[in-house]
Amino acid sequence: MLWFAAAGYIPEAEAEPVTMVILAPIALEAAKQASPYAIAGLKSGGMQLLEVGKDLANIFRLPLGVLQISAGLPLGLAGQGWENILMGCCAPFQLVGDVLLLPVSFLKLP
């Protein structure tokens, strides 16, 4: 809990209505100029979130590969099993890398 909230003091933003009316067109123009950058950053961040989800799903390829090698050996699934085991073992490292790149991806410029 913050010290000023514990002391019973909660800060409030105050502004005169005239100041808000004067600065509103300037704020709208700034938002209009910044919108392409914000949209590009959100798009890049969303694509990186999809990569994180794909890496998270790839983690489950490890038990799938073990199952394919053990139970699917008579059915000829050993090759796919080894491939899934390899992808499942690499997925946690890819996940960590993509999660570390996530904050940077929201800063993409158009």
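## A short note on the overall build of the chain
(1) Moving on: Within the chain, the secondary structure is distributed over four helices and zero strands.
(2) Moving on: Listing each helix as α and each strand as β along the chain from the N terminus yields α-α-α-α.
(3) Moving on: When each of the 110 residues of the chain is scored for burial, the buried share is 19%.
(4) Moving on: Of all intrachain contacts in the chain linking residues separated by at least 6 positions in sequence, the fraction that spans at least 24 positions is 67%.
(5) Moving on: Total accessible area on the chain stands at roughly 8500 Å², and carbon and sulfur atoms take up 75% of it.

## A short note on the confidence of the model for the chain
(1) Moving on: With 86% of its residues at a pLDDT of 70 or more, the chain shows a mean pLDDT of 86.
(2) Moving on: Averaged pLDDT values over the elements of the chain bottom out at 58 in helix α1 (residues 3-6) and peak at 93 in helix α4 (residues 78-105).

## Observations concerning the pattern of salt bridges
(1) Moving on: All told, the structure shown has two salt bridges when counted by the stated rule.
(2) Moving on: Here Lys32 ties to Glu29 by a salt bridge, and the two come within 4.0 Å at their closest N and O atoms. One end of the pair is Lys32 and the other is Glu29, both in helix α2 (residues 17-58) and three residues apart, which spans about a single turn.

## What about the state of the cysteines?
(1) Moving on: On inspection of all chains with the given rule, the structure shows zero disulfides.
(2) Moving on: Free cysteine Cys89: the closest other cysteine sulfur is in Cys90, separated by 6.8 Å.

## Brief notes about α2
(1) Moving on: Along α2, the sharpest kink reaches roughly 45°, centred on Ala34 and followed within four residues by the proline Pro36.
(2) Moving on: When α2 is considered as a whole, its buried residues turn out to be Ala40, Gly41, Ser44, Gly45, Gln48, Val52, Asp55 and Asn58.

## Here we look at the side chain of Asp98
(1) Moving on: Along the chain, Asp98 turns up in helix α4.
(2) Moving on: Look at Asp98: it is buried, it has no salt bridge, and the nearest opposite charge is Lys54 at 6.7 Å.
(3) Moving on: Discounting residues that sit within four places of it in the chain, Asp98 has contacts with Gln48, Glu51, Val52 and Asp55.

## With respect to the packing of α2 against α4
(1) Moving on: For the pair α2 and α4, interaxial distance at closest approach is 8 Å and the crossing angle is 160°. Considering the angle they form, α2 stands roughly antiparallel to α4. Crossing of α2 over α4 shows left-handed handedness. Between α2 and α4, the residues in contact are Gly41, Ser44, Gly45, Gln48, Leu49, Glu51, Val52, Asp55, Leu56 and Asn58 and Met87, Gly88, Ala91, Gln94, Leu95, Asp98, Val99, Leu101, Leu102 and Ser105, respectively.

## Comments concerning a nonpolar patch on the surface
(1) Moving on: A surface patch of nonpolar side chains, about 400 Å² in accessible area, is lined by Val18, Ile22, Leu23 and Ile26.
(2) Moving on: Mapped onto the fold, Ile26 is located in helix α2.

Calculation notes
- Residues numbered from 1 in each chain as written.
- Predicted model: local features only at pLDDT ≥ 70, side-chain atom pairs only at ≥ 80, totals over all residues.
- Heavy atoms only, no water.
- Helix = DSSP H or I, 4+ residues; strand = E, 2+ residues; numbered from the N terminus.
- Buried < 20%, exposed > 50% of the residue type's maximum accessible area, 1.4 Å probe, protein only.
- Contact = heavy atoms within 4.5 Å.
- Areas by Shrake-Rupley, 256 points an atom, 1.4 Å probe, with all protein chains shown as cover.
- pLDDT = per-residue confidence, 0-100.
- Salt bridge = Lys/Arg side-chain N within 4 Å of Asp/Glu carboxyl O.
- Disulfide = S-S within 2.5 Å.
- Bend = angle between axes of the 7 residues up to and from the residue.
- Lys, Arg positive; Asp, Glu negative; His and termini not counted.
- Axes fitted to C-alpha atoms, helices over the stretch in contact; angles between N-to-C directions.
- Parallel < 35°, antiparallel > 145°, perpendicular 65-115°, else oblique.
- Left-handed = near helix turned anticlockwise from the far one by under 90°.
- Patch = residues over 30% accessible without salt bridge, like charges linked within 9 Å, V, L, I, M, F, W, Y side chains within 5 Å.

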